[in-house]
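A structural walkthrough
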There are 2 protein chains.
Amino acid sequence: MIIDVHGHYTTAPKALETWRARQIEAFAAKGPAPRVAELRIGDDELRESIESNQLRLMRERGIDLTIFSPRAGFMAHHVGDFEVSSTWAAICNELCYRVSRLFPGHFVPAAMLPQSPNVDPATCIPELVKCVEEYGNVALNLNPDPSGGHWNSPPLSDRHWYPIYEKMVEYDIPAMIHVSTSCNPSFHTTGAHYLNADTTAFMQCLTSDLFKAFPTLRFVIPHGGGAVPYHWGRFRGLAQELKKPLLADHVLHNVFFDTCVYHQPGIDLLTRVIPIDNILFASEMIGAVRGVDPETGHHYDDTKRYVEAAHVDAGERRRIYETNARRVYPRLDRYLKAQGL
Amino acid sequence: MIIDVHGHYTTAPKALETWRARQIEAFAAKGPAPRVAELRIGDDELRESIESNQLRLMRERGIDLTIFSPRAGFMAHHVGDFEVSSTWAAICNELCYRVSRLFPGHFVPAAMLPQSPNVDPATCIPELVKCVEEYGNVALNLNPDPSGGHWNSPPLSDRHWYPIYEKMVEYDIPAMIHVSTSCNPSFHTTGAHYLNADTTAFMQCLTSDLFKAFPTLRFVIPHGGGAVPYHWGRFRGLAQELKKPLLADHVLHNVFFDTCVYHQPGIDLLTRVIPIDNILFASEMIGAVRGVDPETGHHYDDTKRYVEAAHVDAGERRRIYETNARRVYPRLDRYLKAQGL
């Protein structure tokens, strides 16, 4: 079985985007927000948006199941206030939940949080509770920078984030550390901000003792871990300078990297450097890079091809594709077992 | 001949740091700044600080020459104002110049600029002119984020930076794009901010047409290009989405990566992915990562070992070690030729 731990609903019907634009406009104009009930998307539309896109590609590529969360770039936590984020997160999470019900065994939801700059993350708990308890979410996406590129939240090791962590530990769910759109002109969203956030988050873990405070807390660092595996020697050396334990002991019980690296040499490095048990298969399709690589004739984001060609044996490949995900996402494992999978 | 294009004067006599602390203190207290003449460092002290450190390691490792600039973390452009930066840059550049005179053929200086947040970069020109014309500097370090992690300057493609570029083109010198200490608690300086800046700078080049405006402008992206080579497929794919030319045409006439990647798999990826003509040998020793790697028994920053072991032939290795640097830094080439080298 092949599990893709990193998929977003990037192909939602246009009505979603239109509603969001109205919401943002209303906030800016200090007018009344559009009602949630005004957004109507039928099951047929949802089905069509998935069948002709993600599910089609999953079938073509041989991916069985995707952990599916709201579109990362659309989270835009920097827009509006908590109320705006709260309504928006509820809408987006419900759509992913509905997709998971329409395609059981193919899509399992992960939650977006209603984060908002300078708002206590504890305010996100009710949405998270609903997503886990009512919608069967097996993970969440945590934005370490809800400001969208101004980086004015405390580091992930700060007590600021503990309410989320306490709930994660209670539910035994991991968080993918995933920023959203950059509103800072310095940072291109998918070419700089995403990768920078991955590197930043890892280093916040490295410099702190967060996983002593939360030994079972688990973070998935997407996009192949940003710059981290490529600079693994640097990070090992920095940990040494900081008198931290070896990274294997210090962070690798808690930190995992996905395979969203869009060329063979990158996946080769990832699988050579990072212990296999810390690598989770993912593609983030249909996402930032949708084209066909002229050097290979295949889609850049067809990461399964790179994993197939990597120097790992069949057992290791199975851990990357399935076993690691079932261990890191125990609620996914339970869901699959309940289906006899 | 082996040229290290990335060395900083990290081992300057203690008096330098002490003077700087007084300068910062005076600025904070709105008191009179310490006089430059109060900082006295004799040639013997300079000689000792280099001979027992950088030059010792260069001899041990077989590195002939280092392009030597003031300590990156000490630039701290976010501290004080233009006056503070101006005095500080002049002091630091003079020290590197003196080192270059004490060890001709071993150290060639590159300039730090007196940047300051929200100050027109044109104010840096007089210092740059002095460094090139009087001190024989062959390059400069350009900080794309003088705020120290708040990233509130325009992107490198903005006209804001053009005065620097015009001077670079006139002098035919490259800039290493190098940030300084992070004062943003989100970003560890050498584990996050440096790498993020490298990735960010590259993406600013990719999304813009800067090199159409300045076809001979040359940037060296340090630390192996941040996350860029590891995600080369992503960047190729993003350029494609943005309807930009192939990266080889769009940026690789102008952008070069150094080899400050502190483990073998990283250098293997770099040399596999990036054209050899775009790779410049560098170690940034004695810098962020000073320890010995327990996995190899050698210093993390002994990057020559990785280049020696990489799958490149002798001709390619010579380009990485020498020929590329002489092409990218023509003033270095002229200096070497004048010495019969």
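**Remarks on the interface of chain B and chain A**
- Across the boundary between the two partners, chain B contributes 58 residues, which contact 58 residues of chain A.
- Around 4700 Å² of area is buried between chain B and chain A when both sides are counted, 54% of it from carbon and sulfur atoms.
- In terms of surface lost to chain A, no three residues of chain B exceed B:Tyr230, B:Arg234 and B:Arg236, which account for 18% of the buried area on that side.
- Counting the contacts that link chain B with chain A gives six salt bridges.
- We note a salt bridge from A:Glu295 to B:Arg236, for which the minimum N-O separation is 3.6 Å.
- Run the count over chain B and chain A and you get 32 residue pairs in polar contact (both at pLDDT 80 or more).

**Describing helix H14 (residues 314-328) of chain B**
Residues and elements named next belong to chain B.
- In a regular helix each residue adds 1.5 Å, so 15 residues correspond to 21 Å; H14 covers 20 Å between its end C-alpha atoms and thus fits that length.
- Of all the bends in H14, the largest measures some 50° and sits at Ile320.
- By the N-cap criterion, in which a side-chain oxygen at the helix start approaches the backbone nitrogen of a residue two or three places on, H14 is capped by Asp313, the distance to Gly315 being 3.0 Å.

**Details of the sheet that holds strand E6 (residues 175-177) of chain B**
All names here are of chain B.
- Spatial ordering of the open sheet is given by E4-E5-E6-E7-E8-E9, a layout of six strands whose pairing is parallel. Where the open sheet ends on each side, the last strands, each with one partner, are strand E4 (111-112) and strand E9 (279-280).
- In this structure, strand E8 (residues 255-258) lies alongside E9, joined through two bridges in parallel fashion. Paired with Asp258 across the two strands is Leu280, which belongs to E9.

**Topic: the relation of the copies chain B and chain A**
- Turning chain B through 180° and shifting it by 0.0 Å along the axis lays it on chain A, with an RMSD of 0.0 Å. As the rotation angle and translation indicate, the two copies are arranged about a two-fold axis. Judged by C-alpha distance, B:Ala227 is the residue of chain B that lies nearest the rotation axis, at 2.1 Å.
- Of all interface residues in chain B, 100% are interface residues in chain A too; the two copies therefore contact each other through one and the same surface.

**A word on the confidence of the model for chain A**
- Of the residues in chain A, 100% have a pLDDT of 70 or more, and the chain-wide mean is 98.
- For this predicted complex, the interface confidence comes out at an ipTM of 0.98, alongside a pTM of 0.98.

**A short note on the sheet that holds strand E3 (residues 107-109) of chain B**
Residue and element names in this part refer to chain B.
- Strand order across the open sheet formed by three strands is E1-E2-E3, with parallel pairing between neighbours. Lying at the two open borders of the sheet, with one neighbouring strand each, are strand E1 (3-9) and E3. Pairwise comparison of adjacent strand axes, ignoring direction, gives a mean angle of 35° for this sheet.
- Sheet analysis places E1 next to strand E2 (residues 65-70), joined by five bridges and oriented parallel. Residue pairing across strands places Ile3 opposite Leu65, the latter belonging to E2.
- Strand contacts of helix H15 (residues 330-338): E1, E2 and E3, with the helix running at about 130° to E2, the strand carrying the most contacts.

**Re the packing of helix H2 (residues 43-51) of chain A against helix H3 (residues 54-61) of chain A**
All names here are of chain A.
- For the pair H2 and H3, the least separation of the axes is 4 Å and the interaxial angle reads 35°. Contacts from Ser49, Ile50 and Glu51 in H2 reach Gln54, Leu55 and Arg56 in H3.
- Here the residues of the contact of H2 with H3 are counted per class, giving two nonpolar, two polar and two charged.

**Some thoughts on the pattern of salt bridges**
- Applying the stated criterion to the full structure yields 42 salt bridges over all chains.
- The salt bridge partner of B:Asp293 is A:Arg236, with a shortest N-O separation of 2.7 Å. With B:Asp293 in strand E10 (residues 292-293) and A:Arg236 in helix H10 (residues 232-241), the pair connects residues from two separate chains.
- Accessibility expressed as a relative area gives 2% for B:Asp293, which makes it buried.
- Look at A:Arg236 and you get buried, because its relative accessible area is 14%.
- Residue B:Asp301 is joined to B:Arg61 by a salt bridge in which the shortest nitrogen-to-oxygen separation is 2.9 Å. Remark: B:Arg61 occurs in helix H3 (residues 54-61) and B:Asp301 occurs in the loop between strand E11 (298-299) and helix H13 (303-309); sequence separation between them is 240 residues.

**Let's talk about the pairing of E8(B)**
All names here are of chain B.
- Burial along E8 is two-sided: Val255 and Phe257 facing one way and Phe256 and Asp258 facing the other are all buried.
- Inspection of the sheet shows strand E7 (residues 219-221) paired to E8 by three bridges, in the parallel sense. Note that in E8 the partner of Val220 across the bridge is Phe256.
- Viewed along the sheet, the connection from E8 through helix H12 (residues 264-273) into E9 turns out right-handed.

Reading the values: rules and limits
Residues numbered from 1 in each chain as written. Chains lettered and ligands numbered in written order. Predicted model: local features only at pLDDT ≥ 70, side-chain atom pairs only at ≥ 80, totals over all residues. Heavy atoms only, no water. Contact = heavy atoms within 4.5 Å. Buried area = accessible area lost by both parts, 1.4 Å probe. Salt bridge = Lys/Arg side-chain N within 4 Å of Asp/Glu carboxyl O. Polar contact = N/O pair within 3.5 Å; in protein donor to acceptor, adjacent residues only side chain to side chain. Helix = DSSP H or I, 4+ residues; strand = E, 2+ residues; numbered from the N terminus. Expected span 1.5 Å × (residues − 1). Bend = angle between axes of the 7 residues up to and from the residue. Pairing = 2+ DSSP bridges. Least-squares fit on C-alpha atoms with pLDDT ≥ 70 in both. pLDDT = per-residue confidence, 0-100. Axes fitted to C-alpha atoms, helices over the stretch in contact; angles between N-to-C directions. Nonpolar A, V, L, I, M, F, W, Y, C, P; charged D, E, K, R; others polar. Buried < 20%, exposed > 50% of the residue type's maximum accessible area, 1.4 Å probe, protein only. Right-handed = clockwise from strand over helix to strand, strands pointing away.

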